[in-house]
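So you can see what is in the structure, the chains are spelled out below.
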Amino acid sequence: MVCGAALEYSEKEITLECSYCNKELKGNIKCPNGHYVCDDCHNHQSLQLAKEICSATASTDPADIFEKIITSSKIPMLGCHHAFMAAGAFITAIRNEGSLSVSEEMITEIYDRTQRQAIGGYCGLTGLCGIAPALGACFAVILGSKCGMDKEQKLTMTAVSEIVTVITELTGPSCCKAYARKSIEVAQIFLEKNLRIRLSKSTEKIVCSHSKNHPHGCREAKCPYYE
Ligand SMILES: [Zn+2]
Ligand SMILES: [Zn+2]
């Protein structure tokens, strides 16, 4: 993001200084030239763009909203901004569908919860990709789920476990874009089955145009979105 060099992922956390905001933080991802970008700075531009596109659209198709956001050249190829963009697209489609009343406050709450659990590189470090809790936050907020609740918490956790399963099936190596696309699809089916809210879905197949930009190598034929 700073000099364009391929990033290095370390197993052990090291103290690094963010090249943008100069804050000293612990992290696992840096470039060979010593550049490090903290999660806040890394995701800031994508989050702003996601918020702008989401507040302006009347679409009820979450996949379509997500594709619109990631088309921008400002969006880095990999990273936890995908969690914010997936959650933004999903909750926006729910808001636009109209069966539930979704306030700005609820959307902000979803982004705040996502920020706590979408941490760069942690898909490999703890096994949890931030897109799962981001979409989980959408379900939790619309269901009013909190720790200690009965059906609401169970439904939220079931949705997240289904999302984690499909993300796992798409791994080897990882791709945030494929993860987000499949997770949105699963969340949409779950929403219809369990909450009887039907969002739109294009019959056109999603074809990825980012294959050549993947720093770890695109999975190509193993990916359902490969041309
Ligand atoms: Zn660099
Ligand atoms: Zn920073």
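Residues numbered from 1 in each chain as written. Chains lettered and ligands numbered in written order. Predicted model: local features only at pLDDT ≥ 70, side-chain atom pairs only at ≥ 80, totals over all residues.

S.K.: What is the right way to read the domain arrangement of the chain from this model?
M.R.: When the parts of a complex come together, some accessible area is lost, and that lost area is often used as the size of the interface. Domain annotation of the chain identifies domain 1 (1–35) and domain 2 (39–222). Using only C-alpha atoms to locate each centre, domain 1 and domain 2 end up separated by 25 Å. On the side of domain 2, eight residues touch domain 1, which itself brings nine residues to the contact. A per-class count over the side of domain 1 that touches domain 2 returns eight nonpolar, one polar and no charged. (Domains from an automatic or database assignment. Contact = placed C-beta atoms within 7 Å. Nonpolar A, V, L, I, M, F, W, Y, C, P; charged D, E, K, R; others polar.)

S.K.: Would you mind going over the packing of helix H7 (residues 151–169) against helix H8 (residues 176–195) with me for this structure?
M.R.: A pair of packed helices is characterised by two quantities: the angle between their axes and the separation of those axes. Close contact between H7 and H8 brings their axes to 9 Å; oriented N to C, the two are set at 145 degrees. Remark: the crossing between H7 and H8 carries right-handed chirality. On H8, the residues that touch Leu-155, Ala-159, Glu-162, Ile-163, Val-166 and Ile-167 of H7 are Tyr-179, Lys-182, Ser-183, Val-186, Ala-187, Phe-190 and Asn-194. Partitioned by chemical class, the residues of the contact of H7 with H8 number nine nonpolar, two polar and two charged. (Axes fitted to C-alpha atoms, helices over the stretch in contact; angles between N-to-C directions. Helix = DSSP H or I, 4+ residues; strand = E, 2+ residues; numbered from the N terminus. Left-handed = near helix turned anticlockwise from the far one by under 90°.)

S.K.: Just checking my understanding: could you explain the nonpolar core for this structure?
M.R.: Considering soluble globular proteins, one finds that nonpolar side chains tend to be buried as a cluster. If you look at the biggest cluster of nonpolar residues, it comprises 51 residues, and the most contacted ones within it are Ala-86, Ala-87, Phe-90 and Leu-135. Secondary structure elements with two or more residues in this core: helix H1 (39–56), helix H2 (62–70), helix H3 (81–97), helix H4 (104–117), helix H6 (131–143), H7 and H8. When residues no more than four places from it in sequence are discounted, the contact partners of Ala-87 are Ile-110, Thr-114, Ala-134, Leu-135, Ala-137 and Cys-138. (Core = buried A, V, L, I, M, F, W, Y, C linked by C-beta atoms within 7 Å. Buried ≥ 20, exposed ≤ 12 C-beta atoms within 10 Å, placed from the backbone.)

S.K.: Please clarify how the packing of H2 against H8 should be interpreted in this entry.
M.R.: The interhelical angle for the contact between H2 and H8, taken along N-to-C directions, is 160 degrees, at an axis separation of 9 Å. Viewed along their axes, H2 and H8 adopt a mutual orientation that is roughly antiparallel. Seen from above, H2 lies across H8 with right-handed handedness. For the pair H2 and H8, the contacting residues are Pro-62, Ala-63, Phe-66 and Ile-70 in the first and Lys-177, Ala-180, Arg-181, Ile-184, Glu-185 and Gln-188 in the second. Residues of the contact of H2 with H8, tallied by class, amount to six nonpolar, one polar and three charged. (Parallel < 35°, antiparallel > 145°, perpendicular 65-115°, else oblique.)

S.K.: For this particular structure, what's the right way to read the environment of Ser-99?
M.R.: Here Ser-99 lies in the loop between H3 and H4. Spatially, the C-alpha atom of Ser-99 lies 9.4 Å from that of Arg-196, the residues being 97 residues apart in sequence.

S.K.: What should I look at first to understand the environment of Ile-69 in this one?
M.R.: For Ile-69, the location among the structural elements is in helix H2. When the C-alpha positions of Ile-69 and Ser-59 are compared, they lie 13 Å apart, and in sequence the two are ten residues distant.

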